[in-house]
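For reference, the chains in residue letters:
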Protein chains: 2
Amino acid sequence: MDMFRKRCKQLGLACTHQRLIIYRALASSASHPTPEAIYDQVRHEIPSISLATVYKNIKTFTEAGLLREVSVLHDSLRLDANLGNHHHLVCTRCKAVIDIPEEKLDPIRLRGKLPDGFVADRFLVEILGLCAACAKGRTN
Amino acid sequence: MDMFRKRCKQLGLACTHQRLIIYRALASSASHPTPEAIYDQVRHEIPSISLATVYKNIKTFTEAGLLREVSVLHDSLRLDANLGNHHHLVCTRCKAVIDIPEEKLDPIRLRGKLPDGFVADRFLVEILGLCAACAKGRTN
DNA sequence: CTATTGAACGATAATAATTATCCTCCTGTC
DNA sequence: GACAGGAGGATAATTATTATCGTTCAATAG
C-alpha cells in the first residue's frame, strides 16, 4: 500500500481514502472482479461511497497502468461466423479484429496439469497491438 | 446458404427470411461485427426488421453453434491488478477467471510476419473450459 | 497550522447495450 | 388450405456505464 502511495505521487494522482480502499480491494482479489463486485466489497469499509467513484477510479487506474482489463473487447458483443481454427489480431485502439490462421503461431501447448480441476476445452489467443491505420497516425 | 437451410432443419429452427439474411450478413463479414452493425446491414434488405430480432437470432445461432462470440467475457468489465505475465483459465459456464503462470504453456511465438502491417504488443491467452465446480454438476 | 485551489467525491441523470413482454404473423406439417 | 407453435415487430424494462454538477477533501504554500 505504500507502493500505491508512491505510484499515486508519481502519477500526480491524489491518494484519497477511496482510492486506497478500492485499489486494495482489487489487488487483494484473485477473482478478477467486476466494478459492481468491487463496489460491494468497498462499501463494507466506506458505506457512503458512490458507484460512480468506483467506476471513475477503475478507469483512472487502468489508464495509469495500475490495472488491466481482462478482456480488451468487453464493451460490445463481437461475432465470428468463422468456425475454423484461427486466432485474432485485436487493435487496442480501434478494436478492429482480424483473423489469422492458427499456423501463424507455434502450437499452444500445456505443460503439466491445470490447477483446480479445470477442464480445458480450447485455447483462445488474441494478439494485442495496433492495426496498420492506428499504428500510423494518432489521428483516428 | 443451402447449408444454412440444412442446419436449421437439423436444429429444428424455422428457416425464416430474417434468419437467412442475418446469417448471410454474419458469414460474409470479415470484421467481426457487433449486433448493431449487423442490424444496419440487414436493414438494407429488410428495412422493417427489428433490432430485437437481430439480437434474438444472434443468441439462437450462438447457442446452436453456428456462431461464436469473439470474447467470452464481453458482458461485463473484469479487472486484473496482477501486472505480471500470466494467462487465464476462463470458465465458459460461470465466467470464473483463474490465473495461471505463463510457464504453464509453451511460449507463444509468431511464425513469420503479421498481415496488414499490424504491430503486435503482447499475447493474451485464455484457456476456455469448465472450472471444477461447473464440470462436476449441472446444478450451478 | 491554516488557507487555498484544483482534483476528487457523491448523488443522480443520461446514455448505451441488451433482454423481456406481448400481440401478431409466418413457417412447417397435416 | 388449416392449424399450431415458433418467430417477428414494437416497445418497455433492465443492466452497465458515463456524464453532470454542486460539495468536499488532499496537497501544497505560506
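Look up a bit, the structure's there.
To keep things clear, this report deals only with the structure shown in the data block. (Residues numbered from 1 in each chain as written. Chains lettered and ligands numbered in written order. Predicted model: local features only at pLDDT ≥ 70, side-chain atom pairs only at ≥ 80, totals over all residues. Heavy atoms only, no water.)

All names here are of chain B. With their axes 11 Å apart at the nearest point, helix H1 (residues 2-11) and helix H2 (residues 17-27) run at an angle of 125° to one another. Taken together, H1 and H2 sit at an angle that is classed as oblique. The two elements H1 and H2 meet at a crossing, and its hand is right-handed. Residues Met-3, Phe-4 and Arg-5 of H1 lie in contact with H2, whose contacting residues are Arg-19, Leu-20 and Tyr-23. Its residues assigned to classes, the contact of H1 with H2 comprises four nonpolar, no polar and two charged. (Axes fitted to C-alpha atoms, helices over the stretch in contact; angles between N-to-C directions. Helix = DSSP H or I, 4+ residues; strand = E, 2+ residues; numbered from the N terminus. Parallel < 35°, antiparallel > 145°, perpendicular 65-115°, else oblique. Left-handed = near helix turned anticlockwise from the far one by under 90°. Contact = heavy atoms within 4.5 Å. Nonpolar A, V, L, I, M, F, W, Y, C, P; charged D, E, K, R; others polar.)

For the structure shown, the criterion picks out ten salt bridges over all chains. Across the salt bridge formed by B:Arg111 and A:Asp106, the nearest N and O atoms sit 2.8 Å from each other. Residue B:Arg111 is found in the loop between strand S4 (97-101) and strand S5 (119-130), and its partner A:Asp106 is found in the loop between strand S4 (97-101) and strand S5 (119-130); the two belong to separate chains. In this structure, the salt-bridge partner of B:Asp40 is B:Arg43, at a minimum N-O distance of 3.3 Å. By relative accessible area, B:Asp40 is classed as partly exposed at 37%. A single salt-bridge network, built from bridges that share partners, covers A:Asp106, B:Arg109 and B:Arg111. (Salt bridge = Lys/Arg side-chain N within 4 Å of Asp/Glu carboxyl O. Buried < 20%, exposed > 50% of the residue type's maximum accessible area, 1.4 Å probe, protein only.)

Now for the packing of helix H3 (residues 35-42) of chain A against helix H4 (residues 51-64) of chain A. All names here are of chain A. Axis separation between H3 and H4 bottoms out at 9 Å; the angle between their running directions is 120°. The angle between H3 and H4 falls in the class oblique. As H3 runs across H4, the sense of the crossing is right-handed. The residues of H4 that touch H3, namely those facing Pro-35, Glu-36, Ile-38 and Tyr-39, are Leu-51, Val-54, Tyr-55 and Ile-58. For the contact of H3 with H4, a count of residues per class yields seven nonpolar, no polar and one charged.

Facing the 64 residues of chain A at the interface are 64 residues of chain B. The contact between chain A and chain B buries some 6400 Å² in all, and 60% of this surface belongs to carbon and sulfur atoms. Run the count over chain A and chain B and you get four salt bridges. For the pair chain A and chain B, the number of links is 34 residue pairs in polar contact (both at pLDDT 80 or more). Per-element tally for the side of chain A that touches chain B: the top contributor is S5(A), with twelve residues. (Buried area = accessible area lost by both parts, 1.4 Å probe. Polar contact = N/O pair within 3.5 Å; in protein donor to acceptor, adjacent residues only side chain to side chain.)

Inspection of the region around DNA strand C gives 20 residues, with A:Thr16, A:Gln18, A:Arg19, A:Thr53 and B:Tyr55 positioned closest. Each atom of DNA strand C within 4 Å of the protein belongs either to a base or to sugar and phosphate, the latter forming 73%. The contact in question runs from a sugar or linking oxygen of DNA strand C to an N or O atom on the side chain of A:Gln18, over 2.8 Å. Between DNA strand C and A:Asn57, the relevant distance is 3.2 Å, taken from a phosphate oxygen to a side-chain nitrogen or oxygen of the residue. Looking at the surface near DNA strand C, the elements with two or more residues in it are helix H2 (17-27) and H4 of chain A together with helix H4 (51-64) of chain B. Residue composition of the surface near DNA strand C, grouped by class: eight nonpolar, eight polar and four charged. (Near = heavy atom within 4 Å.)

Mapped onto the elements, B:His32 comes out in the loop between H2 and helix H3 (35-42). B:His32 gets classed as buried once you look at its relative accessible area, which sits at 2%. Of the polar contacts made by the side chain of B:His32, one reaches the side chain of A:His88; its length is 3.3 Å. A polar contact of 3.2 Å, which involves the side chain of B:His32, links it to the backbone oxygen of A:Val97. Residue contacts for B:His32: discarding those within four places in its chain leaves A:Arg78, A:Leu79, A:Asp80, A:His88, A:Val97, A:Asp99 and B:Val70.

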